[in-house]
Amino acid sequence: KQEVTQIPAALSVPEGENLVLNCSFTDSAIYNLQWFRQDPGKGLTSLLLIQSSQREQTSGRLNASLDKSSGRSTLYIAASQPGDSATYLCAVNQAGTALIFGKGTTLSVSS
Amino acid sequence: DTEVTQTPKHLVMGMTNKKSLKCEQHMGHRAMYWYKQKAKKPPELMFVYSYEKLSINESVPSRFSPECPNSSLLNLHLHALQPEDSALYLCASSQELGVGNQPQHFGDGTRLSIL
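What about the sheet that holds strand 1 (residues 4–7) of chain B?
Residues and elements named next belong to chain B.
Phase 1: What the four strands build is an open sheet, ordered 1-3-8-7; its pairing is antiparallel. Unpaired on one side and paired on the other, strand 1 and strand 7 (64–70) mark the two borders of the sheet. Between one strand axis and the next, the sheet turns by 20° as a mean value, whatever way the strands run.
Phase 2: The pairing of strand 3 (residues 18–25) with strand 8 (residues 73–79) spans seven bridges and is antiparallel. Across the sheet, Ser 20 pairs through a bridge with His 77, a residue of strand 8.

Here's the deal with the interface of chain B and chain A
Phase 1: Residue-level contacts link 23 residues of chain B with 20 residues of chain A.
Phase 2: Summed over both sides, the interface between chain B and chain A buries roughly 1600 Å², with carbon and sulfur atoms accounting for 58% of that surface.
Phase 3: Joining chain B to chain A, the criterion identifies zero salt bridges.
Phase 4: There are three residue pairs in polar contact (both at pLDDT 80 or more) connecting chain B and chain A.
Phase 5: Looking at the side of chain B that touches chain A element by element, the count peaks at three residues for strand 4 (residues 31–37) of chain B.
Phase 6: Of the residues that constitute the side of chain B that touches chain A, the class distribution is 13 nonpolar, seven polar and three charged.

Considerations on the pattern of salt bridges
Side chains that differ in charge, positive against negative, can pair when their charged atoms come close.
Phase 1: Counting across every chain of the model gives six salt bridges over all chains.
Phase 2: A salt bridge links Arg 61 of chain A to Asp 84 of chain A, with the nearest nitrogen and oxygen atoms 2.8 Å apart. Note that Arg 61 of chain A is positioned in the loop between strand 6 (56–59) and strand 7 (62–67) and Asp 84 of chain A in the loop between strand 8 (72–77) and strand 9 (86–93), a separation of 23 residues in sequence.
Phase 3: Each member of the salt-bridge network shares a partner with another, and the members are Lys 36, Arg 63 and Asp 85 of chain B.

Parameters and conventions
Residues numbered from 1 in each chain as written. Chains lettered and ligands numbered in written order. Predicted model: local features only at pLDDT ≥ 70, side-chain atom pairs only at ≥ 80, totals over all residues. Heavy atoms only, no water. Pairing = 2+ DSSP bridges. Helix = DSSP H or I, 4+ residues; strand = E, 2+ residues; numbered from the N terminus. Axes fitted to C-alpha atoms, helices over the stretch in contact; angles between N-to-C directions. Contact = heavy atoms within 4.5 Å. Buried area = accessible area lost by both parts, 1.4 Å probe. Salt bridge = Lys/Arg side-chain N within 4 Å of Asp/Glu carboxyl O. Polar contact = N/O pair within 3.5 Å; in protein donor to acceptor, adjacent residues only side chain to side chain. Nonpolar A, V, L, I, M, F, W, Y, C, P; charged D, E, K, R; others polar.

Shown next, in the form of structure tokens:
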């Protein structure tokens, strides 16, 4: 059974720092991996999707990488801002089911 | 603005009530999903519809009854719920089920409280 783990569970940084969020998964037979952002009480906003054949994707200050063979993904956030404060979820998509989520990393960026 | 619209945003109901949650998308997506999210937990899959047919039911209790009347609309009918069913119910859609280059798009959810 697929298990998705995110480290750290919480992270506090000052504004302007670069940071890395980690995601690992146990079964490498995935279609893709998605990173989401969730603000308190809100739905999920898709940030980046990496197909199983890809190594990385970039959008603005965000860069996500995928190493399928080792079951790892990272989300790199450059020059963090207070508006980046949210919970970041990674999820893998595989056959026979839909998205399987990690428990998330709650990020707090202070000004 | 989200492209997946869920109504109502909030719902309070008693354990004997019958209510429905509604989800709509006009992106031409043929896969639609219901997830349940408890406080401070990740979303968990409940149901998946592909081309208006139920493809996946993650052993959800029968007091939750999904319906997909057309390709743009997904309902979740609720009856005789328990207090532990209080959660955020999220709807999502994607172009197809099980294709690697297609993200899932989520609505803002319905916050459900069972009295």
